[in-house]
Amino acid sequence: MRAKHAHAPGYARTVTSERTYLEPTNTEAIRVIGRFEAGRGIPESMRSDVRMLGGLLGQILRESGEDGLFEDVERLRLATIQAFDEETSEAFDRAAAIAESFSIARADQVARAFTCYFHLVNLAEEHQRVRVLRERAGQPGREDAADTVASAYARLKTEVGDDEARRRLEELRFHPVFTAHPTEARRRAVSSSIRRLSELLTQHDAASTGGAEAQRAQRRMLEEIGTLWRTAPLRAQKPSPTDEVRTVMGVFDETLFTTVPHVYRRIDDALRGDESGASAPVVPAFVRVGSWVGGDRDGNPFVTASVTREAAQIASDHVLRGLERALDRIGRTLTLDAEDTPPSAAVLALWEAFAEAEPSIASDLAARSPGEPHRRVLLAFARRVAATRTRTDGAYGGPEELLDDLRTVQRSLVEAGANRHAFGGVQHLIWQVESYGFHLTELEVRQHSQVHAKALAELESGEPVSTQTEEVLEVFRAIADIQREHGPRAAGRYVVSFTQAASDLAAVHRLARHALGDDVPVLDVVPLFETFADLQAAPGILAEVVAFPEFRARMAETGNRLEVMLGYSDSSKDVGPVAANLALYEAQEKIAQWARESGIALTLFHGRGGALGRGGGPANSAILAQPPHSVDGRFKLTEQGEVIFARYGEPAIAMRHIDQVAAATLLASSPTVEERTSSAAARYAEVAAVMDVASRERFFSLVKADGFAPWFATVTPMEEIGLLALGSRPARRGLSVESLEDLRAIPWVFAWTQARINLAGWFGLGTALQAVGDEELLAEAYREWPLLRTMIDNVAMSLAKTDERIARQYLALGDRDDLAALVLDELSLTREWVIRLTGGERLLENKPILQRAVQLRTPYVDALSLLQLRALRALRSSAAESPEGSGADEEQRRLLLLSVSGVAAGLQNTG
């Protein structure tokens, strides 16, 4: 119960059950919030968007019928802003007391309101990024040399010459692989609502201020924000693997299908100016999209062979529909008269063959396209793609047939002098087919090496096999079916988790023969090295593997190509983030050197997550820090959870991201970059050795301490995260967490993030730097050693998202003051060293835009963290009193899960 009384100008007294505080009145609140926003250096256009969207949300809250809800949200918002600005214990205690004062029902509503607010702030920030990108478009010199493919190519030409630069551009490859790991906390319905709001915000920008269109856009935004508020924020049940497939398909439908050819075109425009579109492009179709969604069965019993078949079919259906629409759209615009643009004999032959096979459809197309042979033949291609999708007469045998037909039309247009048409819309179609084929995503299967070993033991024992082993065999039959239906590119990579010996890889081919005899599908078996020990053993294992007959035969077919996957998640959980980063660099260096000496075209596949504890952070800077010859124009990585939508959900941002990563991939193998990287690694080898030992010892002193695992489960919402319906994959390997090995890497990172500690991204770095001790040497290394610079910059971002005051509250939930002190001491030491090396008085002062984004969110994340802490305390207290819990626990658990979703939205890269 609280009451307010006049106390002082601009303030009112708030009485809670524990303390009395002074709270600003409306006038003072406006001043405090305005000062906070101004102090963050937010661009006026973005500030205007945030205020408008926040104001509309406030109106929805006032209209919700919940008496006093808006006022309660504003009180907590203002209190957390003051606590952030003032950095005093009194201000923090005031915010915490407000969070504690709410009834459980009101706390639930406030948590939902803050989560909605984060979705709107994220939208405003994304919208601002798009504004900036559009302003930069067509303004050369605004971006860094490594920032675009065009500028990277220009730099590469000066180093290696025109011919070699052209060869490297032709062989460029960027291969993101989408995964369904459970780090996207928001529902698909929420994502759809946000996308509609984005479109309305764009319309509002285009409308005149105060005009009818602006008012209409605001009215529709108000309705959409009302939908966002009234949509249940938590999934009622976990998504199935098929649900996850369809979610990823949304990114393809809305952005990637049309965005990728626009990336190619933009690069070609920059490289060739006015000549682009008038002759054959120099830019190849360098993007390939992979997917583990529906194929990754490691630890996920819900991904079965039938799910894998269905995933491939869904992806194929989406790309064929996209190609059909694109062919129809471009075909309709190709109204070129036969007199001025005569078709070649080959185009006439294509039409005659179609007319003979489909006379009724051909007659209709001819009637609608009289004297327009190029138009009607493209429309005929659209009908054949439709037949391919529906498996009816006239279907294409594969994407190569469609590519041949499109190139026939392209040549005909060139011969007729219509170059702009040949290398405009028709070229876009060619790029789309080259990038996506008829399969869209290259579906990859992943399974644990121990599952294979168990299956082989059963099969070779002569006894009846288990259901699990039969399922393992059925997967190979599914791969064969998919390849027959959609071609070898549709499925064929088989990733072996926890590869620890060459025999783990040979097991895949043995199992394939058990399933199918000699009629096995095309298989590219990919080792996944995850733990510290496995990374060290990788070069020896690979040297043994390439001598196996199956590997030799496949490499002979592919130009001696070999793919190797490196896991960032488990290696970081195994030895800590610092030692893991150093071990990954060393492993890549040795593998790349071995491949080069063996004449093998190596592709390293980086199993990176969205969070810094799982190899996250800016991909382009990470690429430029890789060892020499480990990239060689090919970059493949996993894209997970919320990262997929952040990087590929908006067309302009997707184009920018692909351009940046491709530029870094092209530039990473330039002589100057490789020389800088290798010389720095040699020069600072002793620094690396000291950091490796010191960081690992510090990490082990925490995670190997007696009782660490249950303490970790107590001081974070780790157990409760498993209750969220985030993804189909279970969060842990056993029923309880008694050791770190029981826990998967994703919830390990996610739980520390929710506790505002982010330990997985930085723990041990402060001790490592302190062990080196020479600040001048470290400052020099930070400037000149890309690996250290990337590591420290990523840690700076991770630390900026921590909050020590809130972290202390979480750590106090446990009864281990020694472990809490260890965490807080390392946090302080790491922050101190990172600031000393990056410069300034606070974190991220060398990255003001990123600093602004983090600081803008922090007070609002704090509000949700305080609500989460309240729920977590109640749950821990209840568990201590009664292991069975009580009915009230369900309400507290719901509040906690709501706050988890909100904090994930606020911090963005969570897992």
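Because the structure is predicted, anything quoted here is derived from the model rather than measured. (Residues numbered from 1 in each chain as written. Predicted model: local features only at pLDDT ≥ 70, side-chain atom pairs only at ≥ 80, totals over all residues. Heavy atoms only, no water.)

Enquirer: Explain the packing of aromatic side chains to me, please; I cannot follow it from the model alone.
Expert: Two descriptors summarise a pair of aromatic rings, namely the distance from one centre to the other and the angle between the planes of the rings. With the rule as written, the count across this model stands at 25 aromatic pairs. Centre to centre, the rings of Phe-118 and Tyr-860 are 6.4 Å apart; their planes meet at 85 degrees, and the pair counts as edge-to-face. Within this pair, whereas Phe-118 is found in helix 5 (residues 104–136), its partner Tyr-860 is found in helix 39 (residues 848–881), the two being separated by 742 residues in sequence. Using a relative accessible area of 1% as the deciding quantity, one classes Tyr-860 as buried. Here the aromatic cluster, defined as three or more aromatic residues joined through ring pairs, consists of Phe-708, Trp-711, Phe-712, Trp-748 and Trp-752. Here Arg-384 stacks its cationic end above the ring of Tyr-396, 3.8 Å away from the centre of that ring. (Phe/Tyr/Trp six-rings, centres within 6.5 Å; stacked < 30°, edge-to-face > 60°. Helix = DSSP H or I, 4+ residues; strand = E, 2+ residues; numbered from the N terminus. Buried < 20%, exposed > 50% of the residue type's maximum accessible area, 1.4 Å probe, protein only. Lys NZ or Arg CZ within 6 Å of the ring centre and 35° of its normal.)

Enquirer: Just checking my understanding: could you explain the packing of helix 6 (residues 149–160) against helix 28 (residues 671–683) for this structure?
Expert: Relative orientation of the contacting elements helix 6 and helix 28 amounts to 85 degrees, with a least axis distance of 9 Å. As judged from the angle between their axes, helix 6 and helix 28 are roughly perpendicular. Note on element contacts: helix 28 touches helix 6 through Pro-671, Thr-672 and Val-673, opposite Arg-155, Glu-159 and Val-160. Considering only residue class, the contact of helix 6 with helix 28 consists of three nonpolar, one polar and two charged. (Axes fitted to C-alpha atoms, helices over the stretch in contact; angles between N-to-C directions. Parallel < 35°, antiparallel > 145°, perpendicular 65-115°, else oblique. Contact = heavy atoms within 4.5 Å. Nonpolar A, V, L, I, M, F, W, Y, C, P; charged D, E, K, R; others polar.)

Enquirer: Just checking my understanding: could you explain the side chain of Thr-255 for this structure?
Expert: Within the fold, Thr-255 resides in helix 10 (residues 241–272). Among the residues examined, Thr-255 registers a relative accessible area of 1% and is labelled buried. With near-sequence residues (within four places) excluded, Thr-255 lies in contact with Tyr-648, Gly-649, Glu-650 and Pro-651.

Enquirer: Honestly, the sheet that holds strand 7 (residues 491–497) in this entry has me stumped. Any pointers?
Expert: In sheet architecture, strand pairing relies on hydrogen bonds along the backbone and comes in two forms, parallel and antiparallel. Spatial ordering of the closed barrel is given by 4-5-6-7-8-9-10-11, a layout of eight strands whose pairing is parallel. By the bridge criterion, two bridges tie strand 8 (residues 524–529) to strand 9 (residues 561–567) in an arrangement that is parallel. When the bridges of strand 9 are listed, Phe-529 appears paired with Leu-566. Along the sheet, helix 20 (residues 502–516) makes contact with strand 7 and strand 8, crossing strand 8 at roughly 150 degrees. (Pairing = 2+ DSSP bridges.)

Enquirer: Help me understand the nonpolar core, please; the structure alone is not making it clear to me.
Expert: Note on soluble globular proteins: their nonpolar side chains tend to be buried together. Judged by nonpolar contacts, the single largest core of 132 residues is most densely connected at Met-691, Leu-702, Trp-748 and Trp-785. Broken down by element, this core gets its largest block of residues, 13 residues, from helix 5. Counting 86 residues, the second largest nonpolar core, distinct from the first, contains Val-289, Ala-326, Leu-443 and Ala-654. (Core = buried A, V, L, I, M, F, W, Y, C linked by side-chain atoms within 4.5 Å.)

Enquirer: Looking at this structure, how should I read the confidence of the model for the protein chain?
Expert: Put simply, the protein chain has an average pLDDT of 89, and 89% of its residues get 70 or more. Confidence drops under a pLDDT of 50 for residues 1–25, and excluding neighbours within four residues, the segment shows 50 contacts in the predicted structure. With pLDDT under 50 throughout, residues 611–616 is counted as low confidence; its partners more than four residues away or in other chains account for 34 contacts. (pLDDT = per-residue confidence, 0-100.)

Enquirer: Hey, could you run me through the environment of Ala-506 in this one?
Expert: Its location among the elements puts Ala-506 in helix 20. Classification of Ala-506 by relative accessible area gives partly exposed; the value is 21%.

Enquirer: When you look at the pattern of salt bridges in this model, what are you seeing that I'm missing?
Expert: Two side chains that carry opposite charge are able to pair once their charged atoms sit near each other. In total, this model carries 64 salt bridges according to the counting rule given. In this structure, Asp-481 engages Arg-484 in a salt bridge whose closest nitrogen and oxygen atoms are separated by 2.4 Å. One end of the pair, Asp-481, and the other, Arg-484, are both in helix 19 (residues 467–486), three residues apart, so they sit about a helical turn from each other. For Asp-481, a relative accessible area of 29% gives the class partly exposed. Using a relative accessible area of 58% as the deciding quantity, one classes Arg-484 as exposed. We note a salt bridge from Glu-720 to Arg-876, for which the minimum N-O separation is 2.9 Å. Here Glu-720 is found in helix 31 (residues 718–721), whereas its partner Arg-876 is found in helix 39, with 156 residues between them in sequence. Three or more residues are tied together by salt bridges with common partners; here these are Arg-309, Glu-470, Glu-474, Arg-477, Asp-481 and Arg-484. (Salt bridge = Lys/Arg side-chain N within 4 Å of Asp/Glu carboxyl O.)

Enquirer: For this particular structure, what's the right way to read the pairing of strand 8?
Expert: When a strand is regular, its side chains alternate between the sheet's two faces. Taken across its six residues, strand 8 has five buried, putting it largely inside the fold. Inspection of the sheet shows strand 7 paired to strand 8 by four bridges, in the parallel sense. Paired with Tyr-494 across the two strands is Val-525, which belongs to strand 8.

Enquirer: What's the story with helix 34 (residues 765–772) in this structure? I'm lost.
Expert: The α-helix winds at 3.6 residues per turn, so residues separated by three or four positions along the chain end up facing the same way. When you tally the buried positions in helix 34, you get six out of eight residues, the bulk of the element. The set of residues buried in helix 34 consists of Leu-765, Gly-766, Thr-767, Ala-768, Leu-769 and Val-772. Buried positions along helix 34 lie against helix 24 (577–597), helix 29 (685–703), helix 33 (759–762), helix 35 (775–784), helix 36 (786–800) and helix 38 (817–838). Just downstream of helix 34, Gly-773 is the residue with a positive phi angle, here 80 degrees.

Enquirer: For this particular structure, what's the right way to read the environment of Val-385?
Expert: Residue placement: Val-385 occurs in helix 14 (residues 373–390). Here the alpha-carbon distance between Val-385 and Pro-399, two residues 14 residues apart in the chain, equals 9.5 Å. Discounting residues that sit within four places of it in the chain, Val-385 has contacts with Leu-320, Leu-323, Glu-324, Leu-327, Tyr-396 and Leu-402.

Enquirer: Looking at this structure, how should I read the packing of helix 12 (residues 345–357) against helix 14?
Expert: Put simply, helix 12 and helix 14 touch, their axes get as near as 10 Å, and they point 45 degrees apart. In terms of orientation, helix 12 and helix 14 fall into the oblique class. When you trace helix 12 past helix 14, the crossing you get is left-handed. In contact with Val-347, Leu-350, Trp-351 and Phe-354 of helix 12, helix 14 contributes Arg-376, Val-377, Ala-380, Phe-381, Arg-383 and Arg-384. Broken down by class, the residue content of the contact of helix 12 with helix 14 amounts to seven nonpolar, no polar and three charged. (Left-handed = near helix turned anticlockwise from the far one by under 90°.)

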